[in-house]
Amino acid sequence: PASIKVAGYDFAIAKMNWHETTSKQRWGECSTSEQTIRLQASFPTPFKAVDTFLHEALHAVFWAYGIHDEDKEERIVATLGTALMTLHRDNPWLAGWISTALKD
């Protein structure tokens, strides 16, 4: 998909080329100011692709829901529960993509 909704915000999903990923030494990145999630164009395994995508989506969740480093565990867990439910509801393609990617 071209984008993912996070708490009502549309984050574009873009691919980083090999040069970008090697120069930045990362599999992906989330820019909250640009509302973009960038991912390496190809991954060694589907598991790494899903892991990286969810990692970057959770950065967007932390920003959109106002989670801070000093927040307590219960607030973080409660917020993540709501956030993950909303990610699933607002992005019906997500569960199918994860299931397909992680099939053996």
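To be clear, the structure that these remarks concern was listed above.
Packing of helix H2 (residues 46-64) against helix H3 (residues 73-90) brings their axes to within 11 Å, and their N-to-C directions diverge by 115 degrees. Like other packed secondary-structure pairs, H2 and H3 cross with a definite hand, here right-handed. Along its contact with H2, which presents Leu58, Val61 and Phe62, the element H3 presents Ile76, Leu80, Ala83, Leu84 and Leu87. Considering only residue class, the contact of H2 with H3 consists of 8 nonpolar, no polar and no charged.

A sheet is described by the order of its strands in space; here 4 strands give the open sequence S1-S2-S4-S3, paired in mixed fashion. In the strand order of this sheet, the two ends are held by strand S1 (3-6) and strand S3 (28-31), each with one partner. Neighbour-to-neighbour, the strand axes of this sheet turn through a mean angle of 25 degrees, independent of strand direction. Where S3 and strand S4 (residues 36-40) come together, 4 bridges link them in antiparallel fashion.

With respect to the helices, strands and loops of the structure, Ser31 is situated in strand S3. At a separation of 3.1 Å, a polar atom in the side chain of Ser31 contacts the main-chain amide nitrogen of Glu34. With near-sequence residues (within four places) excluded, Ser31 lies in contact with Phe11, Thr36 and Arg38.

With that out of the way, let us pick up unusual backbone geometry. The general pattern is negative phi for most residues beyond glycine and trans for most peptide bonds. You will see that Ala7, though not glycine, has its phi angle at about 50 degrees, which is positive. For Ala7, a relative accessible area of 30% gives the class partly exposed. Even without being a glycine, Gln35 presents a positive backbone phi close to 50 degrees. Mapped onto the fold, Gln35 is located in the loop between S3 and S4. Its relative accessible area of 23% is what places Gln35 among the partly exposed residues.

Conventions used here
- Residues numbered from 1 in each chain as written.
- Predicted model: local features only at pLDDT ≥ 70, side-chain atom pairs only at ≥ 80, totals over all residues.
- Heavy atoms only, no water.
- Axes fitted to C-alpha atoms, helices over the stretch in contact; angles between N-to-C directions.
- Helix = DSSP H or I, 4+ residues; strand = E, 2+ residues; numbered from the N terminus.
- Left-handed = near helix turned anticlockwise from the far one by under 90°.
- Contact = heavy atoms within 4.5 Å.
- Nonpolar A, V, L, I, M, F, W, Y, C, P; charged D, E, K, R; others polar.
- Pairing = 2+ DSSP bridges.
- Polar contact = N/O pair within 3.5 Å; in protein donor to acceptor, adjacent residues only side chain to side chain.
- Buried < 20%, exposed > 50% of the residue type's maximum accessible area, 1.4 Å probe, protein only.

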